2 protein chains.
Amino acid sequence: MMNNKIPEIGLWEMFEVTLEGPKRGNPFLEVELKAIFTHESGETLEIEGFYNDNGIYKIRFMPVKKGHWRYVTESNVEELDGQKGEFICVDLSPGNHGPVRVHNKYHFAYADGTPYIPFGTTLYAWIYQSPTLIKQTLDTLRKSPFNKVRMCIFPKYYAYNREEPVMYPFKGSISEGFDFTWFNVSFFEHLERQIENLMKMGIEADLILFHPYDRWGFSNMGFENDIRYLRYVVARLSAYRNVWWSLANEYDFLESKTLEDWDRYFQLIQEKDPYNHLRSIHCGITFYDYSKPWVTHASIQWQGSLRSWGGDNWGEKKVLEWRRRYGKPIIVDECGYEGDIEFGWGNLTSQEMVNRIWEGVTTGGYVTHGETYYREDEVLWWSKGGRLHGQSPERIAFLKKIIEEAPDYLEPIHVDWDVSCIGKEKDYYLIYFDVNRPRFRKLTLPEEGSYRIEVIDAWNMTVDVVGTFRGECKIELPGRSYMALRITRV
Amino acid sequence: MMNNKIPEIGLWEMFEVTLEGPKRGNPFLEVELKAIFTHESGETLEIEGFYNDNGIYKIRFMPVKKGHWRYVTESNVEELDGQKGEFICVDLSPGNHGPVRVHNKYHFAYADGTPYIPFGTTLYAWIYQSPTLIKQTLDTLRKSPFNKVRMCIFPKYYAYNREEPVMYPFKGSISEGFDFTWFNVSFFEHLERQIENLMKMGIEADLILFHPYDRWGFSNMGFENDIRYLRYVVARLSAYRNVWWSLANEYDFLESKTLEDWDRYFQLIQEKDPYNHLRSIHCGITFYDYSKPWVTHASIQWQGSLRSWGGDNWGEKKVLEWRRRYGKPIIVDECGYEGDIEFGWGNLTSQEMVNRIWEGVTTGGYVTHGETYYREDEVLWWSKGGRLHGQSPERIAFLKKIIEEAPDYLEPIHVDWDVSCIGKEKDYYLIYFDVNRPRFRKLTLPEEGSYRIEVIDAWNMTVDVVGTFRGECKIELPGRSYMALRITRV
């Protein structure tokens, strides 16, 4: 006993307890297991364990505080009950900033305080592809600007994605049916490897828990099975710091679940996830009420210009309306995809994809990319991953760099009805002209202080210094669409 | 007396009675004059006369029915009272289709039943320019597709239009002030010549009666003077068949008038104009309630994509929303202008100008053009006229030809959320893809009947026959923006 060194775990890394227990019956259903983790300060967290098949049980814990932690298990099975252990939580490992949280009301930051600026992409069914294709997807992501991936846990049955998957989250088959009470541990281990792969690249895994594009019955398992599935997922995956919970893709197209169901699923996750990972739900047509207390941010589908406005608040761009309505970060997780397929949501020009992302970002929101170029082999990025073929990712990287170089947590600033602007009052302004193309623009800068003005071409990815100005000034512009001004106090 | 042949006047032409009367005092204020015109059928119309300076009084009448007409004057001045005359109203002259009316609820037709499809342009202050420039404007219009002109009666003081006009609608000057009770007849005669010049080209004069861009006080004359001005204008101009009444440009920016004022002005015109010329009012930000009974059609400003939607009726494009709300023809009289000046309403690309017009037309509305390219000489089409420099007019002519070739009075047809479509159910469909760019599209045509499908490139102005189809079909497209399909039953 004396020579057992207490293990050390970095803050926000995973500590895993493995126990042996019964194999008989259906342990997924019959065995209850949890552990109470107690910090040296007295703080405790209750963590659910899960069955990992073959008589193996696990409890995964992500320490939220440095210092000494002890745990003791509780179970309705004697051999799993009263098991104890301890570890020391040490400093953050390099590259680990902890999970992402809401910060400054409309923004995000990692737990260590580093700002997190979402530039997501869409890869609904990438984990269901061949090892070769999965590797290619990861290689593509590594070279991309993307730091969030929207991805489904369940397989997907939809246009350009009709192949039968090689594995399922449950025991069973398409011919014999599925046992929703028996999880396929191999599948979850595969999923976890992909979450880890994303984590290594600093990419958040925005996990979609339900979706309507189903031929296996996973979208319609009934309330009890849904709840069991959610508990199992939370028990297995919560200790991955880069996990986000997206209750659904297009929740309103899932006719088998009511609004009350969604609310209860949200509440269950909120109760069971001790780390309070980000929680939202993606809409098809009808917005979920993102002001509900269990929602951390809005995950919006809007198939149109984000510059649209009208009605009661003339000139108020969409993201501003949503910020006002929900008082939370706005992620437009779907605004159409760059591509050329037959569907209206999947044939944006590269220019329009980039434009909508600029529109969203310069009105105080975040916008997610997707790509759907037609391919004979039906490997479309948005569903299966592989390679990117479009011209937007390079431009998204350009925008990301601009935002990273700017002061943290830029807020919308009203400049004029026809432009969008984010900035820090008197210090920094990023003004976007959208499809409009003035040859020049008159500005009124604060009289005190000098401002360096740069003309940014969002499409051609150029930054040209115009000069230093104060007060009233007239800025020459090239008379093209997709231009911006960066105004920095010097 | 016996050798006096009864004059003959074509239907919807102008019959003018000229009388001599008093010059003393202020005849504009003091003399009342009207005539009762009686048709052989017994129908009567009461027509107000007006003072034309130098002791000359006029009564203008546009016969609304063929046959024998008599008139007798009434006045508070003896020498103008009880004057009589007669004429015969004969057939329509060639090229005269009569005034434009609302037809089929959301559309327009001339009084003779010929469809009128508005393709308007904007020329706010063209009548205030030099004779040379006015002639150039008329020459440009003659070669253009435009058949409606939005034009102000009052001079305009605004960016790119700061010159003092050479004449005013009232007696006076900028230094000495204006007498709002004394009309400048030379000005009105000039205005009438320009209305006639438009008439000869088949162009409707959409006369803007008030507007806010003023340095002479014409926007703030007070209720009594406003009423007198409106009566004078109606008396002088109603007998021009191509006149429309636009109560204001950006009525809501005219702070000196209340909504009640506007309602009363509408009612006055409705009462005084015996021909019931089209009546609307153009908005800045706040829409006028175009469902009010004295409004014939909506004249909307919308500075954005007409494809926008959202909220309660997802997928319902703006024009469809407005049709539903007002139950009248929708003319988007301002949606931004093709150009490159510093203002957001005046720097649309040619593509976006054409695109918005297609968006409006293929959702069952009508959209007005304007052009604001920066010029050193400050002669911008939208304000002063002159020459057109943009690329949209040619494309508007192309669209106009498509609509003229189509069945009359096309109605919106729901095809799918991402496209707009107008047509005649089972006979004709015009489907527009907007900025989206599918490589192909699957369609379900009626099983009975064959359909010729053509691919239209709205920007490159090409029409390519794809073939003849029925039922389920797949149409190849070039994967570019601004494409349409024309589907015609053969």
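This structure is a prediction, so every number in the text was calculated from the model and none was measured.

### Quick look at the overall build of chain A
Helix and strand content of chain A: 9 helices and 31 strands. Computed over the C-alpha atoms, the radius of gyration of chain A is 24 Å, within 12% of the 23 Å expected from 2.2 N^0.38 for a compact globule of 490 residues. In terms of overall dimensions, chain A has C-alpha extents of about 80 × 55 × 45 Å along its principal axes. Here chain A holds 490 residues, and 46% of them are scored as buried. Nonlocal contacts in chain A, meaning residues at least 24 apart in sequence, comprise 68% of its contacts between residues at least 6 apart.

### Quick word on the interface of chain A and chain B
Contacts between the two partners involve 31 residues from chain A, matched on the other side by 31 residues from chain B. Per element, the largest residue contribution to the side of chain A that touches chain B is 3 residues, and it comes from strand β27 (residues 440-444) of chain A. Split by residue class, the side of chain A that touches chain B holds 11 nonpolar, 10 polar and 10 charged.

### Comments concerning the domain arrangement of chain A
All names here are of chain A. In terms of domain boundaries, chain A breaks down into domain 1 (8-90), domain 2 (100-410) and domain 3 (413-489). Taking the mean C-alpha position of each, domain 1 and domain 2 sit 29 Å from one another. Listed as interface residues are 17 residues of domain 1 and, on the opposing side, 15 residues of domain 2. Elements that contribute at least two residues to the side of domain 1 that touches domain 2 include exactly α1 (27-30), β4 (44-48) and β6 (56-61). Looking at the side of domain 1 that touches domain 2 residue by residue, the class counts come to 10 nonpolar, 3 polar and 4 charged.

### Quick word on the sheet that holds strand β18 (residues 298-301) of chain B
All names here are of chain B. With parallel pairing, 3 strands are arranged side by side in an open sheet as β18-β19-β21. Each having just a single partner strand, β18 and β21 (366-367) make up the two edges of the open sheet. Note that β18 and strand β19 (residues 330-334) share 4 bridges and pair parallel. Within the sheet, the bridge partner assigned to Q301 lies in β19 and is E334.

### Quick word on the environment of B:Y110
Counting through the fold element by element, B:Y110 comes out in strand β9 (residues 107-110). Discounting chain neighbours no more than four positions away, the residues touching B:Y110 are B:H97, B:G98, B:V100 and B:Y116.

### Some thoughts on the relation of the copies chain A and chain B
Note on the identical chains: chain A maps onto chain B by a rotation of 180° and an axial translation of 0.0 Å, with an RMSD of 0.0 Å. Here the symmetry operator amounts to a two-fold rotation axis. Residue A:S308, judged by its C-alpha, is the member of chain A lying nearest the rotation axis, at 3.1 Å. Of the residues that chain A buries at the interface, 100% are likewise interface residues in chain B, meaning the two copies contact each other through the same surface.

### Details of the packing of helix α4 (residues 223-237) of chain A against helix α5 (residues 259-272) of chain A
Residue and element names in this part refer to chain A. Here α4 crosses α5 at 30°, and the two axes come no closer than 10 Å. With respect to their mutual orientation, α4 and α5 come out roughly parallel. For the pair α4 and α5, the sense of crossing is right-handed. Contact with α4, carried on its side by F223, D226, I227, L230, R231 and V234, involves D261, Y265, L268, I269 and K272 of α5 and no other residues of that element. Grouping the amino acids of the contact of α4 with α5 by side-chain chemistry returns 7 nonpolar, no polar and 4 charged.

### What about helix α2 (residues 131-142) of chain A?
All names here are of chain A. With 12 residues, α2 should cover 16 Å at 1.5 Å per step; its first-to-last C-alpha distance of 16 Å lies within 8% of that length. All buried positions along α2 are accounted for by I134, T137 and L141. Summarising the axial view, the buried residues of α2 lie within an arc of 60°, below the 170-degree limit, and thus occupy one face.

### Focus on the confidence of the model for chain A
Do not read the predicted coordinates in detail wherever pLDDT is low. On average, residues of chain A score 96 in pLDDT, and 99% of them reach the 70 mark or higher. On the interface metric, ipTM, the complex scores 0.94, and its pTM is 0.95.

### Comments concerning the sheet that holds strand β13 (residues 148-152) of chain A
All names here are of chain A. In spatial order, the strands read β12-β13-β16-β17-β18; together these 5 strands make up an open sheet with parallel pairing. Bordering the open sheet on either side are β12 (120-122) and β18 (279-280), each of which pairs with just one other strand. The pairing of β13 with strand β16 (residues 204-210) spans 5 bridges and is parallel. Across the sheet, residue K148 finds its bridge partner in β16, namely E204. Packing against the sheet, α5 makes contact with β17 (243-248) and β18, and its axis sits at approximately 165° to β17.

### Considering the environment of A:I330
Residues and elements named next belong to chain A. Mapped onto the elements of the fold, I330 is located in strand β20 (residues 330-334). A sequence separation of 133 residues divides I330 from N197, and the C-alpha atoms of the two residues are 26 Å apart. Among residues more than four places away in sequence, those in contact with I330 are A298, I300, V319, W322, R323, G365 and Y366.

### What to know about helix α9 (residues 392-405) of chain B
Across its 14 residues, α9(B) extends 20 Å between first and last C-alpha, which sits within 8% of the 20 Å expected from 1.5 Å per residue. On the buried face of α9(B), the contacting elements are β20 (338-339) and α7 (350-361) of chain B.

### Comments concerning the environment of A:K200
All names here are of chain A. Position of K200 relative to the elements: it lies in helix α3 (residues 185-200). Under the C-beta neighbour-count criterion, K200 is labelled exposed, with 12 such atoms within 10 Å. Measuring from C-alpha to C-alpha, the distance between K200 and A248 comes to 25 Å, with 48 residues separating the pair along the chain.

### A short note on unusual backbone geometry
Peptide bonds are, in most cases, trans, and in most cases residues other than glycine have a negative phi. All names here are of chain A. Of note, the phi angle at M461 is positive, near 60°, even though the residue is not glycine. When you line up the elements, M461 lands in the loop between β28 (451-457) and β29 (462-469). The exposure class of M461 is partly exposed, given the 15 C-beta atoms found within 10 Å. Of note, the phi angle at Y482 is positive, near 70°, even though the residue is not glycine. Structurally, the position occupied by Y482 is in the loop between β30 (472-476) and β31 (483-489). Assessed through the 20 C-beta atoms surrounding it within 10 Å, Y482 is described here as buried.

Conventions and cut-offs
- Residues numbered from 1 in each chain as written.
- Chains lettered and ligands numbered in written order.
- Predicted model: local features only at pLDDT ≥ 70, side-chain atom pairs only at ≥ 80, totals over all residues.
- Helix = DSSP H or I, 4+ residues; strand = E, 2+ residues; numbered from the N terminus.
- Rg over C-alpha atoms; globule rule 2.2 N^0.38 Å.
- Buried ≥ 20, exposed ≤ 12 C-beta atoms within 10 Å, placed from the backbone.
- Contact = placed C-beta atoms within 7 Å.
- Nonpolar A, V, L, I, M, F, W, Y, C, P; charged D, E, K, R; others polar.
- Domains from an automatic or database assignment.
- Pairing = 2+ DSSP bridges.
- Least-squares fit on C-alpha atoms with pLDDT ≥ 70 in both.
- Axes fitted to C-alpha atoms, helices over the stretch in contact; angles between N-to-C directions.
- Parallel < 35°, antiparallel > 145°, perpendicular 65-115°, else oblique.
- Left-handed = near helix turned anticlockwise from the far one by under 90°.
- Expected span 1.5 Å × (residues − 1).
- Arc of directions from axis to C-beta.
- pLDDT = per-residue confidence, 0-100.

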